[in-house]
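# Architecture and fold: a report
Residues per chain, in single letters:
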Amino acid sequence: MSRPMVETKPKHDVIVVGAGPAGLACSTELVGLGVSVAVVDEQGEPGGNIYRNVTHLSAQQRKVLGLDYTIGRELVEAFLAAAPDYLPRAHVWQAEATGNVCLSQNGKSRKLHAAYLVLSTGAMERPVPFPGWTLPGVMTCGGMSNLYKVSGLIPSDPVVLAGSGPLLWLVAEHLFVMGAPIAAILDTSTRKGAASAARHLPGALGRLGYMMKGLGMMAAVKRAAKENKTPIYRDVKNLRAEGGERLGKVRATSGTQDLCFDVATLLVHEGVIPETALLRQAGCAHRWNPVQRYWHADVAADGRTNLPSVFVAGDGAFVHGAKSAQLKGQRTALSIARELGRLSEVEFRSRVGSVSKELDKELRPRPFIDALYAPRGDLFHVADDTIVCRCEGVAAGRIREVARTGVVDPNEIKSIIRCGMGPCQGRMCGSAVLELAVEASGVAAEQIRALRQRPPIKPISLEELAAADLDVVSPRAGRADEETR
Amino acid sequence: MKADVLIVGGGLMGCATAIDLVRHGKSAIVFEKDVPGRHASGHNSGGVRCQGRDIREVPLAVLSRKLWDDHPDTVGSDCGFHVSPRLRLAENDGDMAKLEKRHGELSSMGFEHEVLADREEVRRLSPNISRHVVGGLVCYTDGLANPMLTSKAYAAKAEALGVRVLSHHATVSVSASANGFALKTSDGKTHEGGALVNAAGAWAGKISAMLDDPLPVVPVAPTMMVTDRVPGLMNGTSLGLTGRALGLMAAKNGTVIVGGGYRSPFDFDNEKIWIDSTQMAKASKLMLEILPKLRDARVVRFWSAFEGNLADKVPIIGESTKVPGLFHVCGFSAHGFQLVPAVGRVMSQIVRGLSPEISLSDFRPDRFA
């Protein structure tokens, strides 16, 4: 935590936003090719969410988290050895299509200029509202996993896990290994998901190792659940968190059975979606994915977007997991190096083949996994009184009411009832507002304009903005400079 | 399709005109290339102010202010309107002299809506104001409203009254003949009408050019921002400056909406605006000079949308001198929101061949010639 802040040169060839697997691999590769790179990251240490705190793990944590996690260490060490200009604890609040970014670090905002911008903002857990989701004591599986990665903290009182997706099972496995008491696991996925996933199975089997690992994880959780007498309920619906000041009870149904647990912690997880706020603010074109039901940046294989200076690498473009993100980051680096003239066409070709091949192999099981863990059709069909927008306290019923009048564009819904108008700009409620509008109006999601994101994508104080060093450098002048060097 | 009046632009001016026309027995079709309220109508700062308006606009603004109170009856929604006195600050004696002069001018015209405020009254209205402010001019009945809600309410009311509001119908071409106008939309269909209203906002210059009646309306991208909630800090009073560009609106929910003539660069043909954060940094500096306590307020969002601008900053409202039956209502230059209800009424009057209840001679389309 005491790494000195690197004095940043006024101009870089490339700015990489995010120091997860994609950002680390991309910047390391670029530096190796003689490209000057600045890496801006919100965390204090490189690694992103997936490899959080990876260089400071105790032997015990390493053992629990396993090989998949600790390979992140090599990635971080290579990044530190490459030594790009690294700006930790900094958040980008505006990305410009020309390749510049406005960022806030240590309470000060300034602008960085570069010829290319790589947005490797990663993924976030899909926020799904349900009654009581705002109660203290309700957190996401990812949040819990960050806790034990950083501090080794685990809950000492029984917890309930509820949701769907690989991370739910991974966190369950980790908690069992660390000896945390689990009162129950509530699996909210449907059999329908399994049925539609089956047709992707042949492709997925091309990556047998990966599939076996997933099955192994599930088997380990089932075994541990049996040993610990932890029930696993299937086809769980009607999840509800109850309590006054904080969580006291979790209720749900499984088939015809009513479930009730007296617990102080509920860990939820409903899959992972790309973190697109900065991408959308920058103006990257997006596409709708009907299986996973999210908007994602429309990128070429090398992460190229509709904006000539902007690339998106990693899960931020589409959620494919850490290993793929790393390869995507590398792939993007090769394309940018070629455009900057640091790789000849011949060199580029000789390098890109192996990366692309490995990436293809990595992506093979994804259609199966995406279908298997597709969000349940009625996932967002919450009761009218359920709060959807946490910032502004807007409930589901109000959103339905507006959508039924024919206003289905989340941007317009936002302007009318303030849903998504708070500091998070709909990051937490955007998915739900869209699904509620779809449910109430019958209009298909892809026909509806995606929620716009405006700078600053994370709030900054007025004092900081007033003092910000934002003097504009013409991006064209920057390019000319590049060519004459 | 045929109608008495074809209206290009489904924003507030177009819909307000349509509503009044059908209420007086005329049929109308509104052609909207996107959806009502997509640009300036739905994304302005929401200021409903008489204070500080160009003297030429004051009679319209005063009528309009009365009509804002009638919105629940006229369009079925209060449009989110609430009163927030608008106080224009004098930061020095020179500013104060300007405000006194304006006050004198208004009084001589018989308008009493703006009142001079001394140091003490300024501090009563806005207790956190910086010490250097010497006085001001205040309009106690000004307020703000929700532009998107207003846009949707007007469009919905127009439709309810029988106006065809055609969203996603861009006007591809329009021509005038002895019998009226023929307008072709992006779906390939042609529509006919006896009169044509150009209420196309930032696109009004393009529409007027199609009819060989070019107007100097140019697109601009007014840029605004909003803070998180700072309850009580503004004391419900909205602020403006006299010698510098800043407008601060005290929304009922406790946020502060910031505008005042800031602009961003854009690519009009592709409808892209690149929000210029340096402009918002400038506004922030001014805000801290005026209300130092805003220091810790957080800026939540910048935004911008296209608007039609004219060099002399007052709109064009009137019949074309070149093309009979063509009526322009455009170029509101980023302060048309408050004028909407009154403009709808006078537009309908002139389209129906009546003389308008308020003189529009200052807004003639041919004044630039």
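Residues numbered from 1 in each chain as written. Chains lettered and ligands numbered in written order. Predicted model: local features only at pLDDT ≥ 70, side-chain atom pairs only at ≥ 80, totals over all residues.

Of the residues lining the interface, 24 residues belong to chain A; the matching set on chain B comes to 28 residues. For the side of chain A that touches chain B, the element with the highest residue contribution is helix α15 (residues 462-466) of chain A, accounting for 4 residues. Counted by class, the side of chain A that touches chain B contains 15 nonpolar, 5 polar and 4 charged residues. (Contact = placed C-beta atoms within 7 Å. Helix = DSSP H or I, 4+ residues; strand = E, 2+ residues; numbered from the N terminus. Nonpolar A, V, L, I, M, F, W, Y, C, P; charged D, E, K, R; others polar.)

Looking now at the domain arrangement of chain A. All names here are of chain A. The domain boundaries assigned to chain A delineate domain 1 (11-124 + 273-343), domain 2 (127-270) and domain 3 (387-447). Computed over C-alpha atoms, the centres of domain 2 and domain 3 are 27 Å apart. Class assignment of the residues belonging to the side of domain 2 that touches domain 3 gives a composition of 3 nonpolar, 1 polar and no charged. (Domains from an automatic or database assignment.)

Our focus in this paragraph is helix α5 (residues 93-109) of chain B. Residue and element names in this part refer to chain B. When the terminal C-alpha atoms of α5 are compared, their 24 Å separation across 17 residues agrees well with the 24 Å that a helix rising 1.5 Å per residue should span. Listed in full, the buried residues belonging to α5 are Asp95, Met96, Leu99 and Leu106. For α5, the angular spread of buried residues about the axis comes to 95°, placing them on one side. With respect to the buried face of α5, the exposed residues turned more than 90 degrees away are Asp93, Gly94, Ala97, Lys101, Gly104, Glu105 and Ser108. (Expected span 1.5 Å × (residues − 1). Buried ≥ 20, exposed ≤ 12 C-beta atoms within 10 Å, placed from the backbone. Arc of directions from axis to C-beta.)

This part takes up the domain arrangement of chain B. Residues and elements named next belong to chain B. Per the domain assignment, the segments of chain B are domain 1 (2-63 + 147-216 + 311-368) and domain 2 (86-140 + 223-304). Domain 1 and domain 2 are separated by 29 Å when their C-alpha centres are compared. Its residues assigned to classes, the side of domain 1 that touches domain 2 comprises 4 nonpolar, 6 polar and 1 charged.

Residue and element names in this part refer to chain A. Read across the sheet, 3 strands follow the order β12-β13-β14 without closing on themselves; strand pairing throughout is antiparallel. The sheet is open, and its two edges are formed by β12 (236-242) and β14 (257-262), each paired on a single side. Put simply, the sheet's adjacent strands are angled 15° from each other on average, direction ignored. Note: strand β13 (residues 249-254) against β14, 6 bridges, orientation antiparallel. Each bridged residue has a counterpart across the sheet, and for Ser254 the counterpart in β14 is Gln257. (Pairing = 2+ DSSP bridges. Axes fitted to C-alpha atoms, helices over the stretch in contact; angles between N-to-C directions.)

Let us now look at the pairing of strand β11 (residues 180-185) of chain B. All names here are of chain B. When strand β10 (residues 171-177) meets β11, the two strands line up antiparallel, connected through 6 bridges. Residue pairing in the sheet places Ala176 in a bridge with Phe181 of β11. Hairpin connection, β10 to β11: the antiparallel pair is bridged by 2 residues. Bridge count for β11 against strand β12 (residues 190-198) is 4 bridges, and the pairing is antiparallel. The residue bridging Leu183 from the neighbouring strand is His191, located in β12. Between β11 and β12, which pair antiparallel and follow one another directly, the connecting turn spans 4 residues, one of which, Gly188, has a positive phi of 90°.

Residues and elements named next belong to chain B. For helix α10 (residues 340-351), spanning 12 residues, the distance from its first C-alpha to its last is 16 Å, which sits close to the expected 16 Å at 1.5 Å a residue. Taken together, the buried positions of α10 are occupied by Val340, Pro341, Ala342, Val343, Gly344, Arg345, Val346, Met347, Ser348 and Val351. Residues of α10 that are buried in the fold lie against β1 (2-8), α1 (12-23), α3 (58-68), β12, β22 (316-319) and β23 (326-330).

Okay, the confidence of the model for chain A next. Taken as a whole, chain A shows an average pLDDT of 90; of its residues, 93% reach a score of 70 or greater. The low-confidence segment residues 473-485 of chain A (pLDDT under 50) makes 10 contacts with residues lying over four places distant or belonging to another chain. (pLDDT = per-residue confidence, 0-100.)

Once that is clear, we can look at the packing of helix α13 (residues 410-417) of chain A against helix α7 (residues 147-160) of chain B. Think of two packed helices as two axes; the pair is described by the angle between the axes and how far apart they sit. Look at α13(A) against α7(B): their axes get within 7 Å of each other, and the N-to-C directions meet at 110°. Of the possible angle classes, the one that applies to α13(A) and α7(B) is roughly perpendicular. Taken together, the residues of α7(B) that come into contact with α13(A) (itself represented by A:Glu412, A:Ser415 and A:Ile416) are B:Met148, B:Leu149 and B:Lys152. Its residues assigned to classes, the contact of α13(A) with α7(B) shows 3 nonpolar, 1 polar and 2 charged. (Parallel < 35°, antiparallel > 145°, perpendicular 65-115°, else oblique.)

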